[in-house]
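Spelled out, the chains give:
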Amino acid sequence: MLDIADLEVRYDGIVALRGVSLTVGAGEVVALIGPNGAGKSTLINTISGLVSAASGTIHVGGEDFTHLRPWTISAKGVLQVPEGRQVFSDMTVLENLQLGATALRGRPSDLDVKDVFELFPILQERSTQLAGSLSGGQQQMLAIGRALMGAPKLLLLDEPSLGLAPVVISQVFAALRTLKEKGMTILLIEQNATLALDLSNRAYILDQGRIVLSGNSADLAADEGVVAHYLGVDAEV
Amino acid sequence: MLLQQLLNGLVVGGVYALFAVGFNLIFGIQRFLNLAHGAVFMTGAFVAYYTVEAGGPLILGFLAAIIISGLLSVLIEIVCFRRLRKSGDAEFGAILSSMGASLVIMTVWQWISKTQVVRFPFDTVPVVIFRFWGLRVSLLQVIMMVAAVVIVMIMAWFLYRTSFGRQVRAVTDNEKAATLVGVNPNRTYSLTYFISGALAGAAGVLVGLAFNNINYMMGEPYLLFGFAIIILGGLGSIPGALLASLIFGMGQTLAIAYLPSGLTTAFIFSAMFLILLVKPTGLMGREEAGILRGRR
């Protein structure tokens, strides 16, 4: 589904990603973990077209996405749930979801607002409230629901657990597990490595702009060296 | 007499609303003060005048004014603001570049009109006076009021009841998130500038008709009034701009009627000063102004 080869990204002369290659197969959940500043968000924003690649290629479903504009990438079904939720805070929950469907641009969708409400019942209760008045967890659910409304063929999740209470994190991840079981293709960035390895089939570890390790999530989680070296304190949470 | 003045004020306020709502729409969506807005307004008046002068009916002049002013406004965004916006923090740059655009547009019309004041031919709007309850309303006033109400209602319907309007509000709310749901912000901005310019152009025609005085400088006082109105109403707030326009129009009419002539402007701006003293964010402004709030 997603095929990234030798991707290099620079910001004002600083190299953020150095020759990153990564694949996500259809129906697979792949986690990208690594310390702060490793380049995880840069990678996901480059896939979304918000950041442009200096060299290398990004293919989705065999099509070259490397130099597409961000709104075109979204319209083609590669949808990002951005870090920090980024809901439309002055608009209602329902309007946020309706806006998510903008990305369809005539592509068929087998999911509508009702299905999102089924996945996150709290959103139905709050459907006429302004998104800015929701709690952080509810906003995260809304951001995921909004992306789902655009019928993603590849869902990019940037730190969905960031700043949420543990009980809310488990609700969000339960929903992600449901999506996984329905066959959604997901690339997940997560600081909480335990959660990420638990949910994903495979994982890549990114450090200082390079992929330093990759493998099956279960193997990585079992490898004490990996846990101690790259996953640090998070692994013990 | 008082009632008559209030009615006149309401009509003037309606026209101010056309001007100020468009001005505030741009501030709300991009945080830019478009100082060329007065020049767009003036362009509308000239376009309608030359259409009528060439033998076209007034309604054609009105439509031409709306379309050409709208397109001019889109051009201003592309030339003056787009690159600045990409560079990030550009509020002051935008003030300068739009001031420049304003001067260019004014100079062009000064050249075309040969620095003359032009007037619509007599009877462009037939002089018909309606009388009821002791009030006196001219056909022109009726046209002004109806045009202002209809245009503002169309704009509100568009922003709040159509999916395209929803996209405009989404870009205003959070440009990055809007991009990620597949909205092209540039297209949305162009559309917003078109609406803003079209409103200003419509206001220009109505003012040109009402005062029968069209000249290349006519936009300048309105820019000042528009600025006062959007601050009074709350920066970025469309309902605030509407309310403030009506207050401003009525205040101005009353001041002209009952105060020594030199004091009109002083009175209006003093009143504004007092209101802002009590409510610094404007009548309907919020801490981070308006329904069309700025980006985070």
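Everything that follows concerns the structure shown earlier in this document.
The structure displayed is predicted, hence computed values, not measured ones.

Peer 1: Describe the overall build of chain B, naming the residues involved and giving the relevant values.
Peer 2: Assigned secondary structure in chain B consists of eleven helices and two strands. Ordered by position from N to C terminus, the α and β elements of chain B give α-α-α-α-β-β-α-α-α-α-α-α-α. For chain B, whose C-alpha radius of gyration is 19 Å, the value lies close to the compact-globule estimate of 19 Å for 296 residues. Dimensions of chain B along its principal axes, counting C-alpha atoms only, are 55 × 50 × 35 Å.

Peer 1: Before we move on, can you summarise the overall build of chain A with the specific residues and values?
Peer 2: Helix and strand counts for chain A stand at ten helices and ten strands. Computed over its C-alpha atoms, the radius of gyration of chain A comes to 17 Å, within 12% of the 18 Å expected for a compact globule of 237 residues. With the C-alpha coordinates aligned to their principal axes, the bounding extent of chain A is approximately 45 × 40 × 35 Å. The 237 residues of chain A split such that 52% are buried. Here the contacts in chain A between residues at least 6 apart in sequence split such that 68% fall between residues at least 24 apart.

Peer 1: Can you break down the interface of chain B and chain A residue by residue, with the values?
Peer 2: Listed by partner, the interface residues are 22 residues for chain B and 22 residues for chain A. Together chain B and chain A conceal approximately 2000 Å² of surface at their shared face, both sides included; 55% is due to carbon and sulfur atoms. Across the chain B-chain A interface, the total number found is one salt bridge. Of the charged contacts in the structure, one is a salt bridge between Glu95 of chain A and Arg169 of chain B, with a shortest N-O distance of 2.7 Å. Taken together, the connections running from chain B to chain A amount to nine residue pairs in polar contact (both at pLDDT 80 or more). Within the residue set of the side of chain B that touches chain A, elements represented by two or more residues are helix 6 (163-173), helix 7 (175-180) and helix 8 (185-211) of chain B.

Peer 1: Just give me the short version of helix 10 (residues 238-258) of chain B, but keep the residues and values in it.
Peer 2: Residue and element names in this part refer to chain B. The terminal C-alpha atoms of helix 10, which comprises 21 residues, lie 30 Å apart, in line with the 30 Å expected from a rise of 1.5 Å per residue. Residues of helix 10 that are buried: Ile238, Gly240, Ala241, Ala244, Ser245, Phe248, Gly249, Gly251, Gln252, Thr253 and Ala255. Against the buried residues of helix 10 lie helix 1 (2-30), helix 5 (139-161), helix 9 (219-233) and helix 11 (264-278). Capping the start of helix 10, Ser237 holds a side-chain oxygen 3.0 Å from the backbone nitrogen of Gly240, two or three residues further along.

Peer 1: Please set out the environment of Ser214 of chain A residue by residue, giving values where relevant.
Peer 2: All names here are of chain A. Of note, Ser214 is situated in strand 10 (residues 210-216). According to the relative accessible area criterion, Ser214 is partly exposed, its value standing at 43%. As a C-alpha pair, Ser214 and Tyr204 span ten residues in sequence and 4.3 Å in three-dimensional space.

Peer 1: Let's hear about the layout of surface pockets: which residues, and what values?
Peer 2: In this model, the largest pocket occupies a volume close to 820 Å³. Arg85, Lys86, Glu175, Thr179 and Pro185 of chain B are, among the 27 residues lining the largest pocket, the residues nearest its centre. Broken down by secondary-structure element, the contributors of at least two residues to the lining of the largest pocket are helix 2 (70-75) of chain A together with helix 3 (58-86), helix 7 and helix 8 of chain B. By residue number, the principal contributor to the lining of the largest pocket is helix 7 of chain B, which donates three residues. For the lining of the largest pocket, a count of residues per class yields nine nonpolar, nine polar and nine charged.

Peer 1: Explain the sheet that holds strand 6 (residues 78-81) of chain A residue by residue, including any values.
Peer 2: Residues and elements named next belong to chain A. The six strands are arranged 6-7-8-3-9-10 in an open sheet whose pairing can be described as mixed. Every interior strand has two partners, whereas the edge strands, strand 6 and strand 10, have only one. For this sheet the average axis-to-axis angle between neighbouring strands, irrespective of direction, equals 15°. Direction of pairing for strand 9 (residues 202-207) relative to strand 10: antiparallel, over a ladder of six bridges. Across the sheet, residue Arg202 finds its bridge partner in strand 10, namely Asn216.

Conventions adopted
- Residues numbered from 1 in each chain as written.
- Chains lettered and ligands numbered in written order.
- Predicted model: local features only at pLDDT ≥ 70, side-chain atom pairs only at ≥ 80, totals over all residues.
- Heavy atoms only, no water.
- Helix = DSSP H or I, 4+ residues; strand = E, 2+ residues; numbered from the N terminus.
- Rg over C-alpha atoms; globule rule 2.2 N^0.38 Å.
- Buried < 20%, exposed > 50% of the residue type's maximum accessible area, 1.4 Å probe, protein only.
- Contact = heavy atoms within 4.5 Å.
- Buried area = accessible area lost by both parts, 1.4 Å probe.
- Salt bridge = Lys/Arg side-chain N within 4 Å of Asp/Glu carboxyl O.
- Polar contact = N/O pair within 3.5 Å; in protein donor to acceptor, adjacent residues only side chain to side chain.
- Expected span 1.5 Å × (residues − 1).
- 1 Å grid on protein atoms, 1.4 Å probe; cavity = no way out; pocket = protein on both sides within 12 Å on 5 of 7 lines; lining within 4 Å.
- Points joined across faces, edges and corners; volume = space filled by probe spheres on them.
- Nonpolar A, V, L, I, M, F, W, Y, C, P; charged D, E, K, R; others polar.
- Pairing = 2+ DSSP bridges.
- Axes fitted to C-alpha atoms, helices over the stretch in contact; angles between N-to-C directions.

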